[in-house]
Amino acid sequence: MRAEVGVLTRNILIKGETEDSCYIGKDCQFFNYDTFGGHIKIMKNFTSVHLSYVELKQMGQQVQGSYSIHFHCCGDVDEKGGYIYKTYLDGLSIHHCFSRCVAIHATNGLLIKDTIGYDTLGHCFFMEDGIEQRNTLFHNLGLVTKPGTLLPTDRNSTMCLTIRDRVYGKYVPVPATDCMAVSTFWIAHPNNHLINNVAAGSQDAGIWYLFHKVPTGESRGLFPETKAELTPLGIFYNNKVHSNFKAGLLIDKGVKTTNASAEDPREYLCLDNNARFRPHQDADPEKPRVAAVIDGLIAYKNNDHGAWVRGGDIIIQNSAFADNGIGLTFARLVLFCLIFCTFLTNLPYFGM
């Protein structure tokens with residue numbers, strides 16, 4: 001359990017120009033510094049994107065779509081999309097930024113490797129509309145992920161109660177169930193690969209898998225049902241989560257996919273307890289179940305839970321849990337299996 005060391009400086013620096021103090025009224029309620037930085041937006045039909053060993057500082061804005069690096073509705077960016085060389089980000093340092101680290105928005109087949117995200121606002125490595133698949137996050141380090149204002153799931157308790165312009169009527173959000181989910185890795189579809197990553201020091205979660213019932217955001221109505229709850233999990237291997245407040249790893253919940261109304265006054269895309277992960281072959285409930293394998297998870301010093309998992313069938317193997325509030329919680333599971341797991345100095349596991 002050695003401390004992670006990441007070098008933040010690079011020879012090439014892209015830095016947003018900011019003022020000495022906050023000057024945008026709505027943001028100054030929550031931040032005492034300027035949060036209007038630069039941003040890199042990559043659009044569909046590019047020839048190639050290979051970004052290596054670049055430092056990004058003071059990037060992103062507390063504005064929807066203005067992220068540090070944003071792959072915006074690019075579709076397939078690997079061999080499936082006709083690219084001979086896989087699109088990638090390699091060795092980037094993204095730090096002291098004002099909106100996310102990398103946003104993967106309606107984009108499939110992207111490789112992000114050896115990249116550091118440090119001291120950023122909102123979900124750091126972020127999948128947006130719930131349709132993003134076949135993306136690989138390999139050997140990345142995410143540290144100190146702080147709340148932002150953009151989505152309900154980005155917000156802390158104060159932001160959740162204050163930002164009410166998109167709820168219906170006089171509804172008062174409930175922070176614990178509507179918001180408070182900011183995560184270093186926000187994985188909105190299970191068919192993605194996480195290998196050798198570290199997530200530490202998030203306000204809420206290190207890695208959070210959630211499940212959209214239908215495509216959301218700009219993908220809403222343009223794609224068929226995601227079937228995220230039924231889709232087999234991609235590779236999850238040798239990831240480490242520590243020093244996060246709510247949980248190191250979460251596999252649970254979804255987001256609200258309807259606009260605020262009298263029937264349900266909550267804000268669109270707030271956290272919602274409407275999803276249960278139950279993967280099947282080809283995402284077809286008539287075909288056999290496929291076990292989701294969490295292999296080599298190391299979870300320690302997470303305040304509430306080392307890992308919280310809901311659904312089935314789930315296998316957790318070759319993993320270790322130490323010094324968490326609760327090591328491992330299986331909540332209303334269908335079937336689980338522990339293989340060669342170690343529990344040290346925490347309540348080992350808890351089933352509900």
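See above for the structure.
Residues numbered from 1 in each chain as written. Predicted model: local features only at pLDDT ≥ 70, side-chain atom pairs only at ≥ 80, totals over all residues. Heavy atoms only, no water.

Moving on, we get to the side chain of Thr216. Its place among the elements puts Thr216 in the loop between β17 (205-209) and β18 (236-237). Discounting residues that sit within four places of it in the chain, Thr216 has contacts with Glu128, Asp129, Thr257, Tyr268 and Leu269. (Helix = DSSP H or I, 4+ residues; strand = E, 2+ residues; numbered from the N terminus. Contact = heavy atoms within 4.5 Å.)

What follows deals with the nonpolar core. Here is a general trend for soluble globular proteins: nonpolar side chains tend to be buried in one another's company. Phe71, Ile207, Tyr209, Phe236 and Leu249 are the most contacted members of the largest nonpolar core, which has 69 residues in total. Setting aside its immediate chain neighbours within four residues, Phe236 contacts Leu194, Ile207, Tyr209, Leu249, Val293, Ile294, Asp295 and Leu297. (Core = buried A, V, L, I, M, F, W, Y, C linked by side-chain atoms within 4.5 Å. Buried < 20%, exposed > 50% of the residue type's maximum accessible area, 1.4 Å probe, protein only.)

Counted by the stated rule, this structure contains 3 disulfides. Disulfide pairing is shown between Cys101 and Cys124; the S-S distance is 1.9 Å. On the sign convention where negative is left-handed, the bridge of Cys101 and Cys124, at about -95° about the S-S bond, is left-handed. Pair noted here: Cys101 is in the loop between β7 (93-97) and β8 (102-108) and Cys124 is in the loop between β10 (116-121) and β11 (125-127), with a separation of 23 residues, a long-range link. In the protein chain, the bonded cysteines, taken in the order they occur along the sequence, pair up as 1-2, 3-4, 5-6. Free cysteine Cys73: the closest other cysteine sulfur is in Cys74, separated by 7.5 Å. We note that Cys97 lacks a disulfide partner, and the nearest cysteine sulfur, in Cys101, lies 7.2 Å from it. Look at Cys97 and you get buried, because its relative accessible area is 2%. (Disulfide = S-S within 2.5 Å.)

Limitation: the analysis is restricted to geometry and does not speak to function.
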